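Commentary on secondary and tertiary structure
Listed below, chain by chain, are the residues.
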Amino acid sequence: MEKVSRKTTKLCSFYVSDWHLVTMLLPYLNEEINKENKIVTLLETNIKEKVETLVKKLNLKNSEQILNINWNIVRTKKYLELKNILNIESKGEENITILVNGRKKFIDNIKKNIERWMEQNKNVRNIKIINCYEITEFNYNITEILDEHDKILNTSGEREKEDVFEGYEKGMKIV
């Protein structure tokens, strides 16, 4: 049996409000859909209304597909229920983008479940995980978060960590 190789890319993002998050995400997700990536959401906050409002105001090629993404909150953090969501949403897809938003504690829990699901699910070839951290309530050292991710997503798109945080080096403290 031929072993399928998988590429996993982890991005982090920081936002101060749901409007900031949606403004940053929509153009990026529009491009992900152009690349034929399936978008799966695991959200701590419901941003559906804000997405609908902004999509109406923007001229996005993939407006209908964006509106068809599940923008409601995930009501569970249990592995079996998240596994079912991921299996249903990713079924038959080779390229998926998993979008997670919320506070650090929520994202950490979801992240463990995604990693567990990836170990068991080998049919997805390319996985991009975008962890969007709400920064209004945490004072954690962001270096820890940066160290766990490959790149940063901000309003100008996908960027290298060093380009956003000048002088960043893995493990350093950013004050």
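Residues numbered from 1 in each chain as written. Predicted model: local features only at pLDDT ≥ 70, side-chain atom pairs only at ≥ 80, totals over all residues. Heavy atoms only, no water.

1. Observations regarding the packing of helix α4 (residues 79-90) against helix α5 (residues 104-120)
- One can describe the packing of α4 onto α5 by two numbers: an axis separation of 10 Å at closest approach and a directional angle of 60°. Regarding the angle of α4 to α5, the classification is oblique. In this structure, the crossing between α4 and α5 has a hand that is right-handed. Counted together, Tyr79, Leu82, Lys83, Leu86, Asn87 and Ser90 of α4 and Ile110, Asn113, Ile114, Arg116, Trp117 and Gln120 of α5 form the full contact between these two elements.
- Counted by class, the contact of α4 with α5 contains six nonpolar, four polar and two charged residues. (Axes fitted to C-alpha atoms, helices over the stretch in contact; angles between N-to-C directions. Helix = DSSP H or I, 4+ residues; strand = E, 2+ residues; numbered from the N terminus. Parallel < 35°, antiparallel > 145°, perpendicular 65-115°, else oblique. Left-handed = near helix turned anticlockwise from the far one by under 90°. Contact = heavy atoms within 4.5 Å. Nonpolar A, V, L, I, M, F, W, Y, C, P; charged D, E, K, R; others polar.)

2. Section: the pairing of strand β4 (residues 126-134)
- Summarising burial for β4: eight of the nine residues are buried, a large majority.
- Direction of pairing for strand β1 (residues 7-15) relative to β4: parallel, over a ladder of nine bridges. Within β4, the residue paired with Ser13 across the bridge is Cys132.
- By the bridge criterion, eight bridges tie strand β3 (residues 95-102) to β4 in an arrangement that is parallel. Note that in β4 the partner of Leu99 across the bridge is Ile130. (Buried < 20%, exposed > 50% of the residue type's maximum accessible area, 1.4 Å probe, protein only. Pairing = 2+ DSSP bridges.)

3. Here we look at the confidence of the model for the protein chain
- Averaged over all residues, the pLDDT of the protein chain is 88; the fraction at 70 or higher stands at 93%.
- Within the protein chain, the lowest mean pLDDT, 87, falls on helix α6 (residues 142-147), and the highest, 95, falls on β1. (pLDDT = per-residue confidence, 0-100.)

4. Thoughts on the environment of Ser63
- Relative to the assigned elements, Ser63 resides in helix α3 (residues 63-67).
- The spacing of Ser63 and Asn131 is 68 residues in sequence and 22 Å in space, taken between C-alpha atoms.
- From its side chain, Ser63 meets the backbone oxygen of Leu60 in a polar contact 2.9 Å long. (Polar contact = N/O pair within 3.5 Å; in protein donor to acceptor, adjacent residues only side chain to side chain.)

5. Quick word on the sheet that holds β3
- Reading across from one edge, β2-β3-β4-β1-β5-β6 is the order of the six strands in this open sheet, with mixed pairing throughout. At either end of the open sheet lies a strand with only one pairing partner, and these are β2 (38-43) and β6 (157-159). For this sheet, the mean angle separating the axes of adjacent strands, direction not counted, is 25°.
- One ladder, built from six bridges, connects β2 with β3; its direction is parallel.

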